Each structure stands twice: as structure tokens, then as C-alpha cells.
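Structural description and commentary
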Amino acid sequence: MSTLPRCSPEAQGASSEGILAFIDGVEAAGLELHSLMVLRRGAVVAEGWWTPYGPDVPHVLYSLSKSFASTAAGFAVTEGRFALDDAVISFFPDDLPAEVSDNLRAMRVRDLLTMSTGHTTEPVVRTAPEGNWPRQFPAATVEKKPGTHFLYNSAATYMVSAIVEKTTGQRLLDYLTPRLLEPLGITGAIWETDPRGVAIGGWGLNVKTEDIARFGQLYLQKGVWNGVRLLPEEWIDQATSKQVSNGSGPNNDWAQGYGFQFWRCRHGAYRGDGAFGQFCIVMPKQEAVVAITSGVGDMGAVLNLVWQHLLPAMKNKSELPENPAAHDRLTARLAGLAIPAPQGAASSPVAARVSGGTYRFGANDLRIASVTLDFAGDSCHLTFTDADGATHSVDGGLGRWQNGTTTFLRRNVWPILPPRDTCRSALYGAWPDANTLVCKLCLYETPFGPTLTFRFDGMDRLTLDVRGSIGFGPTERPLLEGTRQ
């Protein structure tokens, strides 16, 4: 796999100080970024990962997946597998409702891609009987004429994926591998599927940060990679231009128009994005791409800082005079990035007294029946038993990060997690006082980093507070009160 070239920002006409200002702004605002990669004219001018996140680990993309699904559609349309104006109902004739409305009959593939299907409420496909999601989608009422009303609609993207798979006879990733993934050097991609094995499309893709950056660079280069055209320039222009209006707020990056699963942005830019701050931002005027993964609740705040600092850092010059002092500061800063860890001591006299003890809880919505804590030196081992009697272990460091894997908070307990039994994890524990242990648990293939706070009342009683860093719903859960067995 060829690597992207690396150089100083100044060698590509960008400012090290501007990129430093962006990092300063992110951390001053308390925004939890997990990775950052900045490309200028095809070269990586800045890259960093907040420990325990790293360059070799795929990250959940959520709705940034949509832009990759759209790209699959671009290949399929180019190859004549189907056309943008083909009727959606033509692909699944055996899965239609008894009565097909005029609006459903009028819905085209183009309307799926532009989120203008005519729905006023997004169809819920996950509850489909027998796992038949393509049958659930046309069963939903289409209230408006397709093409006239924008509604963000992940089910529509799922239908794009299903159509690509139906017309090509291949799974979405298999179809994309020789056309997109292999040429760009993307390996290890994972895409979640529906119960029948169809790639979800609207979410569920997992790739690395550099993969996101390469994808953005392909679009910046109008579909050409290493001198070879992969996608027609016409498709790139259509996909990234305003195909439908989605609002009128001049300062709102979610109201600048929508293309084929790409958002238009302020400043002539466009992007794919996903929940909690997964970004592929393409700035054609600046010849720049910014790839970000994160776990933030305010995605707009991240974009505002991109426009405030990174945009003006891209100077209208082929290169700038080297600035060794600023570049050295930037290099050191990028190398030292880390998720904020709990503050406190690495040990407590209480640890030896409670080590090996099991604390049992009453019924609770996290389904945690008991926990056992074991301490040895600068390490801790947590063993949780769930309401079904299964055990889930978490290994951690005290005063340091320790990586491992865990099944704790898997999907049936913490439903925002991806549907896999085991997640790669890192835990950092510290004692802010003698009776309190605070553990930051990063599930570092995902945006999620819950904090677990254990408060000991003597040896016999324990209070456990599990607090999510972000979430689609409440991040705080009721305190769990446990008694030592």
C-alpha cells in the first residue's frame, strides 16, 4: 500500500501556528477529539491521535458511512447497473404493499440519495418482520411528492445499499474492494449488516482515520487516484453539489444544501459526517481535506473551529517560509495528545482491603448484578456479572492507560455500542481520595468513553456511578448501591 506523502505545513503553504490554534481551541472548548489528519495538496501536513486512540485501529463512522454508500452507487450507475431515475419499487417487486401510492411509485434512486423521498417521518426498518428491511421501507407512508421535501433518512441510504447489492450480486464491501478500497489502500474495513446480510449503508462502516482522509482526497481530485480515474468527474460534481435545499440558515452547516449523501458547508466546502463528530471535510478552494474522529455532543462546535483556524491556515501560496519553532511545537503537541485522564493518586490504602471482594447490586437498567475489583501494583482488574449470570472483565491501569478487550457494556446493556461481543478497550484509574476510584474506560474503536466512579463506604458498601461521555439518550444512569457478599 502506498503511503500518503508527509511534510511540514509550510511546505504546502499552510501554517503550523494555525493548526496549533485549532488544537488549542478544541481542548479549550472541552471537545473530545480522537484523531485529526490534515491534508494540503495531497500531502499530510498534520496528524495526531488522542491516546488511547491510534492510527491502526478502525473507528465507527456512523453516518459518514453514507458517503461511502453513495460512492458505491456512483460506481454502479457508471457501470450501467441502474440509473438515477429508476423507480425504487422496480428493484423489489415482491416486497411492495398491497396498494402502491402515487408518491411511492414516483420515488427514484435519486430521491434516496438526496434524502428527498417524500417521507415526513423516517421509516423504521429495523423492526421488519423476518428481518426483511426492504419490505418495511415501502410500507411506510410517503406523504409528499418525492424530490420536493428534505428529510434526513438513514433508511433511504439502506435502500441504496440494498439496490447496489441486488443489481451487482455482491456484498457492498466486496463490490467496493476492487473499485475503491484497494486502489486507495484501505484495508480492514467492516460494515454492519441487516439480519439478512445486507450492508446497512446509512451507518455501520468502520475504517481508520487515514482511510477517511484518502476518501476525501479522491473526491478533492475529482475521482482520480494516482493518475487513474476511478469515478467520473460528473458523478463527483453531482454528489457534492446542492441537489436539494435543507434550510436557509447562513451560519448553519446543516442548512447549506445536500448532495448525494454529502452535506454542503459554508465557505464552499462539503463533507460527509457521522454522529458524535466523525468528519470528512473537503475544502476545494483551499485544496485541503480534514479527517476527524471524535466523541463530541456538539458537532457544530468542531466545524466552527475548523472555519476559525484551519481554513485561514491554508494560505494562498504554493509554500510558506519554514517556521521550525512553530513546526516543532506542533509536532510535539500532536505526539503528546491524550484523552483527559482522571486526576488522583495511583494507589490507596483502601485498595488492599477491598481487593478480591464482590459487591452485589439490586436490579438496574444497566443489568449489572455484581462487580469484583482486584488490585495488584499499578493494575486493576474489574469483573462484572450481568443479570443473565455472564461475566465481563475489564483490565486497567492505575495512573496509566492499559489496553485490553472487554465485553462489558456490550450492545444488550449499552445499546449505542456497535453490535459486536468484544470491544477493544483502554482503562485509566486514579484515586482522587482514599475512598474513591475513578476509571475512564475508552472503547477506542467507538466514540464512547464512559466514566466509572466507585465510592467505598468501609469494606462492606459500594456506590457505582456509570456515566457516559456522549449518547443518543441520557448519559447519566441512577447510582448503583452494592453490598459486599
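Described below are features of the structure shown in this document. Note that the structure is a prediction, hence the values are computed from the model and not measured.

1. What to know about the side chain of His 59
Among the structural elements, His 59 can be located in strand β3 (residues 59–60). Within polar-contact distance, the side chain of His 59 engages the side chain of His 34 at 3.1 Å. Within polar-contact distance, the side chain of His 59 engages the backbone oxygen of Thr 446 at 3.5 Å.

2. Quick notes on the packing of aromatic side chains
Enumeration over the complete set of coordinates arrives at 24 aromatic pairs. With centroids separated by 5.4 Å and ring planes inclined at 65°, the aromatic side chains of Trp 401 and Tyr 428 adopt a geometry described as edge-to-face. Here Trp 401 is found in strand β16 (residues 401–406), whereas its partner Tyr 428 is found in strand β17 (residues 423–433), with 27 residues between them in sequence. Side by side, Trp 401 and Tyr 428 carry an identical accessibility label, which is buried. Taken together, the aromatic side chains of Phe 68, Phe 215, Tyr 219, Phe 262 and Tyr 270 make up a single cluster linked through ring pairs. Here the guanidinium or amino end of Arg 271 rests over the ring plane of Trp 254, the centre of that ring lying 4.5 Å away.

3. Overview of the sheet that holds β3
Strand order in this open sheet of three strands is β3-β5-β4, and the pairing throughout is antiparallel. One side of each edge strand has no neighbouring strand; the edge strands of this open sheet are β3 and β4 (190–191). Two elements, β4 and strand β5 (residues 205–207), share two bridges in a ladder whose sense is antiparallel. Across the sheet, Trp 191 pairs through a bridge with Leu 205, a residue of β5.

4. So, helix α1 (residues 16–28)
Its 13 residues give α1 an end-to-end C-alpha distance of 18 Å, which sits within 8% of 18 Å, the value for a rise of 1.5 Å per residue. Residues of α1 that are buried: Ser 16, Gly 18, Ile 19, Leu 20, Phe 22, Ile 23, Gly 25 and Val 26. Of the surrounding secondary structure, the elements contacted by the buried residues of α1 are β1 (33–40), β2 (43–49), β11 (288–294), α10 (299–313) and α11 (324–335). For α1, the side-chain oxygen to backbone nitrogen distance between the N-cap and Glu 17 is 3.2 Å, and the N-cap itself is Ser 15.

5. A closer look at the environment of Ala 269
As for its position among the elements, Ala 269 is in the loop between β8 (263–264) and β9 (270–274). Residue class for Ala 269 comes out buried when judged on its relative accessible area of 1%. Measuring from C-alpha to C-alpha, the distance between Ala 269 and Val 289 comes to 9.7 Å, with 20 residues separating the pair along the chain. Excluding its chain neighbours within four sequence positions, the residues that come into contact with Ala 269 are Arg 264, Val 282, Met 283, Pro 284 and Trp 307.

6. Describing the side chain of Ser 70
Along the polypeptide, Ser 70 turns up in helix α2 (residues 65–78). Among the residues examined, Ser 70 registers a relative accessible area of 0% and is labelled buried. Non-local contacts of Ser 70, meaning those with residues more than four positions away in its chain, are made with Leu 113, Trp 235, Phe 260, Gln 261 and Phe 262.

7. As for the nonpolar core
Judged by nonpolar contacts, the single largest core of 71 residues is most densely connected at Leu 112, Leu 180, Trp 191 and Tyr 219. Looking at which element gives the most residues to this core, the answer is helix α6 (residues 154–168), with eight residues. Those residues in contact with Leu 180 that lie beyond four places of it in its chain are Phe 68, Thr 71, Phe 75, Phe 215 and Leu 218. Residues Val 45, Ala 269, Val 296 and Met 314 belong to the second largest nonpolar core, which totals 44 residues.

8. Comments concerning the sheet that holds β1
Sheet architecture is open: six strands sit in the order β2-β1-β11-β10-β9-β8, paired in antiparallel fashion. Two strands bound the open sheet, and with one partner strand each, they are β2 and β8. Sheet topology note: the β8/β9 ladder contains two bridges and is antiparallel. Its bridge partner being in β9, Trp 263 is matched across the sheet by Arg 271.

9. Quick look at the state of the cysteines
By the definition in use, this model includes zero disulfides. Looking at the unpaired Cys 380, the closest cysteine sulfur is the one in Cys 439, lying at 5.0 Å. Look at Cys 380 and you get buried, because its relative accessible area is 2%.

Quick notes on the rules
Residues numbered from 1 in each chain as written. Predicted model: local features only at pLDDT ≥ 70, side-chain atom pairs only at ≥ 80, totals over all residues. Heavy atoms only, no water. Helix = DSSP H or I, 4+ residues; strand = E, 2+ residues; numbered from the N terminus. Polar contact = N/O pair within 3.5 Å; in protein donor to acceptor, adjacent residues only side chain to side chain. Phe/Tyr/Trp six-rings, centres within 6.5 Å; stacked < 30°, edge-to-face > 60°. Buried < 20%, exposed > 50% of the residue type's maximum accessible area, 1.4 Å probe, protein only. Lys NZ or Arg CZ within 6 Å of the ring centre and 35° of its normal. Pairing = 2+ DSSP bridges. Expected span 1.5 Å × (residues − 1). Contact = heavy atoms within 4.5 Å. Core = buried A, V, L, I, M, F, W, Y, C linked by side-chain atoms within 4.5 Å. Disulfide = S-S within 2.5 Å.

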